[in-house]
Amino acid sequence: MTAEEPRNSIDIDEFYDALDAEGRPVITADQLARRLDSTQEAALQALEALESQGAVERTDAGVEPTIWYPSDWGAMLERERVVFFPERRQFVVDQPKQFTRAQCSQFAHLVDTTRSGGYLYEVRQQDIWQAPYETFEKLERTMRQVLPERAPEFEAWVEDQWKRANQFVLRTHEDGYVVLEAANESLLGNVALEKLPEDCIRAPIDDVTAWVAEEKLAEVKRRLYEAGYPVQDERELEGGDELPMELGLVLRDYQQSWVDRFLEAKAGVMVGPPGSGKTVAAMGVMAAIEGETLILVPSRELAGQWRDEILTHTSLSPDQVGEYHGGTKDVRPVTVATYQIAGMDRHRGLFDSREWGLIVYDEVQHIPSDVRRRTADLQSKHRLGLTATPVREDDREEDIFTLVGPPIGTDWDALFAAGYVQEPEVHIRYVPWTDDEKKSEHASADPGHHRRQLAAMNPAKVTETRHLLAENPEKKALVFVEYLDHGDQLAAALDAPFISGETPHARRRELFAEFRRGDRRTLVVSRVGDEGIDLPDAELAIVASGLGGSRRQGAQRAGRTMRPEGTALVYVLATRGTREEGFAKRQVRHLASKGIGVRDGPAEAVD
């Protein structure tokens, strides 16, 4: 072999030498090629040759390159391992602990997971902008706890992104109008005045300050965010008409922290797991501000729940709390309205009828849609968003934070550890077809809706659902479906009621009440159960079919079981060999990013 020829074979000792040189117990083909002064193809051949001898093994972390390690160290893969790719701003964590997953969620975006326990993260600019830290040093400390090595260029990029999030500030001028203040003259002239439409700026005031058109505040924040400069909003907001009230509950420490941070920022989004008491914290904000409040929710059921909670836990009387939706239109000092009604032009009087001091956006992930976005025009008010899942499948999460405010929240891991919320056990179960005829029908169906529905309604899911209910007879269970026909199918098989958008509201309330009391142990629920419905005693959730790979829906459905007491179980059923396998993985991705362990395996029921 000449010096010019690539090496396509090595012995195990040379492999160990390469590991030592890299300073890690794992290596990629590209890294080995550099150590051997060879091509990546030749290094891969050498690794495959060692694998065939049983000397090395590989793990696929869901992204090229594959990671290789000695077979003798296979047991070490049960332990946590991090491989960092700073040039791509990505890192892979193999077998991460819950604490590590929670830490990663503070500054990185979970891209993918694998069945073998690999988690691929990417650090995006918006992840740094929205990181919940008061100083760059605190963010840097968290990152260094996770990442195994220093990367000066990557760290410089992170610091630059952190600084970008602090270059523009909206303030209230002493004469009462709003100004945009830049960190320097270049930023105002070359970024703000260049990127913003002319009607957003009334006039420059000096080299670093410009007078902003108040009706264009939301657009100013959105345009600068898109240009890579999120705006800090430090305006003096309107307090609205006074509404003295007292809260009849003692806030938990983290809830009080949420309230304090909101009062300081005057706008923001409380992000926390279902069952963590975001509604209670919102009432704490109402009591602190003592101003008339408009609460926007996605459904009339949730509007009724909000009114009941406010009347139960505050000093407000029934004549001070109204609902405004398709069922009733009663505007009071505290009004709970649906997004759909509030977004219609003919109901705009709702916003003008009172001097609101606080706007609460429950399930705030609905804000970016075109109809509901109209409700975000109220930029002069205190704005509080509530969500467990600030993710959208159209990747426009940034609209939530530019229209409402930055994230305010607590690590999910901290709430699990403190016992405030029980971590659910999440399982993906791959269900086979009942027979070759059903499998063939699916294979021959046109791609799209019909094929997805055939996979969703695989009859074997009925068998698996019965098995899971029989395995947990003491647990109150919710069975979620995407299609009405599937709901009817399961309801008949389980002898359980099916609640959908077609179920009359009075009947829904009756069934939910029976479920809370324990008179009913199982409900089959369509999308109406995804958000907001308060089912505090649900202990078992079976997702028999879902909305493609919606991360938000997966987290919301699992969240129906996340409460302080008991052990909650979540099962996501996916027909094997269909796109549902990938959908199921994506549905639980947000949960995994928050530190919740996810297991998968074959269905247990036997026909």
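Residues numbered from 1 in each chain as written. Predicted model: local features only at pLDDT ≥ 70, side-chain atom pairs only at ≥ 80, totals over all residues. Heavy atoms only, no water.

The name recorded for the protein chain in an unreviewed UniProt entry is Putative DNA 3'-5' helicase Rad25, from Haloarchaeobius iranensis. In its Sequence similarities (unreviewed entry) section, the UniProt record describing the protein chain reads: "Belongs to the helicase family. RAD25/XPB subfamily." (UniProt positions renumbered as here; feature names shortened; annotations may be inferred.)

Trainee: Looking at this structure, I do not really get the confidence of the model for the protein chain. What am I missing?
Mentor: A low pLDDT score tells you not to read the predicted coordinates there in detail. Put simply, the protein chain has an average pLDDT of 81, and 82% of its residues get 70 or more. Within the protein chain, no element has a lower average pLDDT than helix H22 (residues 551–559), which sits at 46, and none a higher one than strand S11 (residues 209–212), at 96. Predicted confidence is poor over residues 74–78, with pLDDT under 50, and the contacts of this stretch with residues over four places away or in other chains come to six contacts. Under a pLDDT of 50 for its full length, residues 548–555 has, in the predicted model, 35 contacts with residues more than four places off or in other chains. (pLDDT = per-residue confidence, 0-100. Helix = DSSP H or I, 4+ residues; strand = E, 2+ residues; numbered from the N terminus. Contact = heavy atoms within 4.5 Å.)

Trainee: So what exactly am I meant to see when it comes to the pattern of salt bridges here?
Mentor: Oppositely charged side chains are able to pair whenever their charged atoms sit close together. Overall, the coordinates contain 25 salt bridges when judged by the stated rule. Of the charged contacts in the structure, one is a salt bridge between Asp127 and Arg124, with a shortest N-O distance of 2.9 Å. Residue Asp127 is classed as buried on the basis of its relative accessible area of 11%. Across the salt bridge formed by Arg507 and Glu510, the nearest N and O atoms sit 3.2 Å from each other. Of this pair, Arg507 and Glu510 both sit in helix H21 (residues 505–517), three residues apart, which is roughly one turn of the helix. According to the relative accessible area criterion, Glu510 is partly exposed, its value standing at 40%. Connected via shared salt-bridge partners are Glu140, Arg144, Arg150 and Glu155. (Salt bridge = Lys/Arg side-chain N within 4 Å of Asp/Glu carboxyl O. Buried < 20%, exposed > 50% of the residue type's maximum accessible area, 1.4 Å probe, protein only.)

Trainee: Whenever I open this one, a positive patch on the surface confuses me. Can you help?
Mentor: A surface patch of like charges, here positive, comprises Arg300, Lys329, Arg346 and Arg509. One can find Arg509 in helix H21. (Patch = residues over 30% accessible without salt bridge, like charges linked within 9 Å, V, L, I, M, F, W, Y side chains within 5 Å. Areas by Shrake-Rupley, 256 points an atom, 1.4 Å probe, with all protein chains shown as cover. Lys, Arg positive; Asp, Glu negative; His and termini not counted. Charge placed at Lys NZ, Arg CZ, Asp CG, Glu CD.)

Trainee: Looking at this model, I keep getting lost on the pairing of strand S14 (residues 293–297). Mind explaining?
Mentor: A regular strand places its side chains on the two faces of the sheet in alternate fashion. Of all five residues in S14, five are buried; the element is thus mostly enclosed. Of the two faces of S14, both are covered, the one formed by Thr293, Ile295 and Val297 as well as the one formed by Leu294 and Leu296. Here S14 pairs with strand S16 (residues 334–338) via five bridges, running parallel. Opposite Ile295, over in S16, you have Val336 as the bridge partner. Bridging between S14 and strand S17 (residues 358–362) involves four bridges; their strand directions are parallel. Across the sheet, Leu296 pairs through a bridge with Tyr361, a residue of S17. (Pairing = 2+ DSSP bridges.)

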